[in-house]
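# Chains, contacts and geometry: an overview
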Amino acid sequence: MGNSLSCCLSPNACPKSGRRRGSAEPDCESEVYKAAAGNAVAVAPAAATVEPAELDFAGGEGHHLQHISDREMPEDLALEPNPSDHPRASTIFPSKSQTDVREKRRSNHFNHVSPGQLTKKYSSCSTIFLDDSTVSQPNLRTTVKCMTLAIYYHIKNRDADRSLDIFDERLHPLTREKIPEEYFEHDPEHKFIYRFVHTLSSAAQLTADGAVVTLVYLERLLTYAEIDICPTNWKRIVLGAILLASKFWDDRAVWNVDDCQILKDVTVEDMNEMERHFLELLQFNINVPFSVYAKYYFDLRSLADDNNLNVLVTPLSKERAQNLEAISRLCDDKYKDVCRAAMRRSFSADNFIAIRRSNAILS
């Protein structure tokens, strides 16, 4: 299999096809032909080497098997991995924010602006400062603030103004009050986005990890639908992402009519239609692997650190250290049980192929 130099693959390589047999040509009755016919592995002698120019596979109808190197790569593997689906693909919002962060630092350096009083606390040998946010139990207020900051950078540093009618607030307004056209020409501020998301998350009973998944759905929509989030559509896109995250990730019985009590000028039919289009644009892919969730969580923490967001930290107490140790021991026991169940019976010796475990860093 895969032997493209066998004489049985080409009619021109056989004497029966009218080609004159020479001393350098393999005989169809030779050992090479018999080995190939018997589905065995054989190597032709050096003297029987056929020049590449002499090979003609066009005449072998129905006999030529396509080589594995000539096959086209599957479409899903040929494309670049989607950051909202693949854990190793870089998320989008950090690249959107790095431009502003570098400009801010450069401006402060050139203008000799003092950073002021240092509010960030650092751990020492005697004291360890920790916040109350972990990857399994994030802080709701801090996570929502970081998520809205990522949306802010998406809007501010967008590539274009591509949009769809179902998300256009000019065609599907969220309020009956007439909004001036100048409103859609300016990017919203971060505090305005935070206020809007905080109101919706309270109505939809969105949890902190659901806020992270909201950002995953948002970036997945922008990638799948090839659109941009801009002043004309950001409210409806965020609204659709929060609805999906609260229903599917948090598994809460949230009805669209509950959100209509907050957005009183929006009808239930409009909410249902927007949610249906949102799912269709996502190709009904609402699955978020935990590896992707963890990637977005830590990128949001890095975003908060780059933008000097105030995160409340407290010294590590003895009681909390004991609780963290108990949780870590419980997780370690579960991991060992999974590793024992996954070990194959084909291992010839115990610990011959050791499974390396690294200590977890709790933040």
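Structure first, text after, so check above.
Report on the accompanying structure. (Residues numbered from 1 in each chain as written. Predicted model: local features only at pLDDT ≥ 70, side-chain atom pairs only at ≥ 80, totals over all residues. Heavy atoms only, no water.)

### Focus on the pattern of salt bridges
Which entries qualify depends on this criterion: For this analysis, a salt bridge means a side-chain nitrogen from Lys or Arg found within 4 Å of a carboxyl oxygen belonging to Asp or Glu. Between buried and exposed lies partly exposed: a residue is buried under 20% and exposed over 50% of the maximum accessible area for its type, with that area taken using a 1.4 Å probe on protein chains only.
The final tally for this structure, using the stated rule, is 12 salt bridges. Glu189 is the salt-bridge partner of Lys191, the closest N and O atoms lying 3.9 Å from each other. Judged by relative accessible area, which is 49%, Glu189 ranks as partly exposed. Residue Arg276 pairs with Glu280 through a salt bridge whose shortest N-O separation is 3.3 Å.

### What about helix α10 (residues 290-306)?
Spacing of three or four residues puts side chains on the same side of an α-helix, whose turn is 3.6 residues. Put simply, the rule is: By definition, any uninterrupted DSSP run of H or I lasting at least four residues is a helix, any uninterrupted run of E lasting at least two residues is a strand, and each is numbered from the N terminus. Expected helix span is computed as 1.5 Å times (number of residues minus one).
A rise of 1.5 Å per residue sets the reference length of α10, with its 17 residues, at 24 Å; its end C-alpha atoms lie 24 Å apart and thus fit the reference within 8%. Every buried residue belonging to α10 is among Val292, Tyr293, Ala294, Lys295, Tyr296, Tyr297, Leu300, Leu303 and Ala304, and all of these are buried. Downstream of α10 by a residue or two, Asn308 has a phi angle that is positive, lying close to 55°.

### Remarks on the environment of Thr175
Definition in use: Here a polar contact is taken to be a pair of N or O atoms separated by no more than 3.5 Å, where protein atoms must pair a possible hydrogen donor with a possible acceptor and residues adjacent in sequence count only if both atoms sit in side chains.
Structurally, Thr175 is set in the loop between α4 (140-156) and α5 (190-203). Here Thr175 falls in the partly exposed class, since its relative accessible area comes to 24%. Thr175 sits 89 residues away from Lys264 along the chain, and the two C-alpha atoms are 7.6 Å apart. A distance of 3.3 Å separates a polar atom in the side chain of Thr175 from the backbone nitrogen of Glu177.

### Quick word on unusual backbone geometry
Of note in the backbone geometry, Glu226 takes a positive phi value of approximately 55° without being a glycine. Look at Glu226 and you get exposed, because its relative accessible area is 54%.

### Re the nonpolar core
Applicable threshold: Only buried residues count toward a nonpolar core, which is a set of Ala, Val, Leu, Ile, Met, Phe, Trp, Tyr and Cys residues joined through side-chain atoms within 4.5 Å. Throughout, a residue-residue contact means that at least one pair of heavy atoms, one from each residue, lies within 4.5 Å.
Ile151, Phe167, Val197, Ile229, Val238, Leu239 and Leu300 are the most contacted members of the largest nonpolar core, which totals 53 residues. Of all the secondary-structure elements, those providing two or more residues to this core are α4, α5, α6 (208-224), α7 (234-249), α9 (268-281) and α10. Ignoring sequence-local partners within four residues, the contact set of Leu239 consists of Leu174, Leu200, Leu263, Met271 and Met274.

### Digging into α5
Helix length check: α5 (14 residues) gives 20 Å between terminal C-alpha atoms against 20 Å at 1.5 Å per residue, within 8%. As for α5, its buried residues are in contact with α4 and α7. Of the residues flanking the end of α5, it is Gln205, one or two places downstream, whose phi is positive at about 55°.

### Considering the packing of aromatic side chains
Counted only if it meets this: Side-chain rings of Phe, Tyr and Trp, where Trp is taken by its six-membered ring, are said to pair if the distance between their centres is within 6.5 Å; with planes under 30 degrees apart they count as stacked, over 60 as edge-to-face, and otherwise as tilted.
As enumerated under the stated definition, the model contains 9 aromatic pairs in all. Summarising the aromatic geometry, the rings of Phe196 and Trp234 are spaced 5.3 Å apart at their centres and angled 75° between planes, so their arrangement reads as edge-to-face. With Phe196 in helix α5 and Trp234 in helix α7, this pair connects stretches of sequence that are 38 residues apart. Comparing Phe196 with Trp234, the two get one shared label, buried. Residues Trp249 and Tyr293 carry aromatic rings whose centres are separated by 5.7 Å and whose planes lie at 25° to one another, so their mutual orientation is stacked.

### Quick notes on the packing of α5 against α7
Defined as follows: Between N-to-C directions, angles cover 0 to 180 degrees, with each direction set by a line fitted to C-alpha atoms, over the stretch in contact for helices. Rotating anticlockwise by less than a right angle from the far helix to the near helix defines a left-handed crossing, while the corresponding clockwise rotation defines a right-handed one. Gly falls in the polar group here, along with every residue not listed as nonpolar (Ala, Val, Leu, Ile, Met, Phe, Trp, Tyr, Cys, Pro) or charged (Asp, Glu, Lys, Arg).
Here α5 crosses α7 at 35°, and the two axes come no closer than 11 Å. Seen along the crossing, α5 lies across α7 with a hand that is right-handed. Taken together, the residues of α7 that come into contact with α5 (itself represented by Phe192, Ile193, Phe196, Val197 and Leu200) are Trp234, Lys235, Val238, Leu239 and Ile242. Looking at side-chain class alone, the contact of α5 with α7 contains 9 nonpolar, no polar and 1 charged residues.

### A word on the side chain of Thr232
Note on placement: Thr232 falls in the loop between α6 and α7. Discounting chain neighbours no more than four positions away, the residues touching Thr232 are Phe167, Asp168, Glu169, Arg170 and Phe184.

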